[in-house]
Amino acid sequence: MTTNVCIAGATGNVGKELIRAIEKKSDIDLVACIGHSTAGKKLGNAVDVDLKSASEIVISDSVESALEHASFSVLIDYTTPSSVYKSVMSGMTNGLHCIIGTSGLSNAQFQKIDAVAKEHDVGAITANFSITATLMMYFAQIAAKWAPHWEIMDYASDTKIDAPSGTARELAFLLNEMGTPKHAIQPEDVHGHPESRGFKLDGSQVHAVRLPGYYSSVEAIFGLSGERLSIRHDSMSDTPYVEGTLLATKEISKYRGLIRGMELLLKL
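Residues numbered from 1 in each chain as written. Predicted model: local features only at pLDDT ≥ 70, side-chain atom pairs only at ≥ 80, totals over all residues. Heavy atoms only, no water.

J.: Please set out the pattern of salt bridges residue by residue, giving values where relevant.
T.: In the structure shown here, the tally under the stated rule is 13 salt bridges. Ionic pairing is found between Lys42 and Glu56, a salt bridge with its closest N-O pair at 2.6 Å. One end of the pair, Lys42, is in the loop between strand S2 (28-34) and helix H2 (43-46); the other, Glu56, is in the loop between H2 and helix H3 (63-69), and 14 residues separate them in sequence. Look at Lys42 and you get partly exposed, because its relative accessible area is 36%. For Glu56, a relative accessible area of 52% puts it in the exposed group. Residue Lys118 is joined to Asp114 by a salt bridge in which the shortest nitrogen-to-oxygen separation is 3.1 Å. Pair noted here: Lys118 and Asp114 are both in helix H5 (residues 107-119), with a separation of four residues, about one helical turn. In this structure, a network of salt bridges that share partners links the residues Glu219, Arg232 and Asp234. (Salt bridge = Lys/Arg side-chain N within 4 Å of Asp/Glu carboxyl O. Helix = DSSP H or I, 4+ residues; strand = E, 2+ residues; numbered from the N terminus. Buried < 20%, exposed > 50% of the residue type's maximum accessible area, 1.4 Å probe, protein only.)

See below:
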């Protein structure tokens, strides 16, 4: 059975990698694309990718417009924090399963997405779709059972517009399910500048570094008396997100509501 998909953000870095990968798949077909700055152009003229079947796709400016030109069941979103929520909500209300690769959404927005997905009998998943990033978060949850002192470091390029990253947000959310980290001195009680202790997110202190030279890294640091454990994920390109995104694309129709993270799909 072939799954027809639409990519929102197809001309972006991850979108291009997905197009290359889908071109080689026999069970996934790219039939539509969404892009605001490239709307109206043919996909083959808008991306520097060697296309075959998808070259004549005309890029739409919205989910509704894409559905007027093609039939698909899955929307993959790799756009921007300012547009992803509207795109996904529109997709679900039109009966589409949604793969959310864009970061920047809040817990409140995820709760709303979960409710709307269930209302319209569709599945949605938000994750860092890198397999090794998923393993990092899984191992961090195990560590939190035994080392109840932790903080999160979030590293990215100075061009990344959202902070913390979606991966750091998701890690904080997952660790919060394991409990609240312990502090000898509460971060808000330190002398000098309490804000230097980072931002508290779902109970965890998160420190976001944005500098040239970084691509994307998230690190969970655990400490016990006389010892320290660091669990870190580094990505150096957009290719790590492809296989996980395609796995989610093939599996998402089996679920209803919002899935947070890849653990369920990887059977961790």
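J.: Describe the packing of helix H6 (residues 131-146) against helix H7 (residues 166-176), with residues and values.
T.: The N-to-C vectors of H6 and H7 enclose an angle of 30°; their axes lie 10 Å apart at closest approach. Judged on the interaxial angle alone, H7 and H6 are roughly parallel. Along this stretch, H6 crosses H7, giving a crossing that reads as right-handed. Along the contact surface, H6 presents Met136, Met137, Ala140, Gln141 and Ala144, while H7 presents Thr167, Glu170, Leu171, Leu174 and Leu175. For the contact of H6 with H7, the residue count by class is seven nonpolar, two polar and one charged. (Axes fitted to C-alpha atoms, helices over the stretch in contact; angles between N-to-C directions. Parallel < 35°, antiparallel > 145°, perpendicular 65-115°, else oblique. Left-handed = near helix turned anticlockwise from the far one by under 90°. Contact = heavy atoms within 4.5 Å. Nonpolar A, V, L, I, M, F, W, Y, C, P; charged D, E, K, R; others polar.)

J.: Tell me about the pairing of strand S9 (residues 216-224), residues and numbers included.
T.: Pairing of strand S6 (residues 150-156) with S9, which is carried by seven bridges, proceeds in the antiparallel orientation. Residue pairing in the sheet places Asp154 in a bridge with Val218 of S9. Pairing analysis gives nine bridges linking S9 to strand S10 (residues 227-235), with the strands arranged antiparallel. Residue pairing for S10: Phe222 is matched across the bridge by Leu229. Taken together, S9 and the strand that follows it, S10, pair antiparallel across an intervening segment of two residues, in which Gly226 is found at a positive phi of about 80°. (Pairing = 2+ DSSP bridges.)

This is a description of form; function is not addressed.
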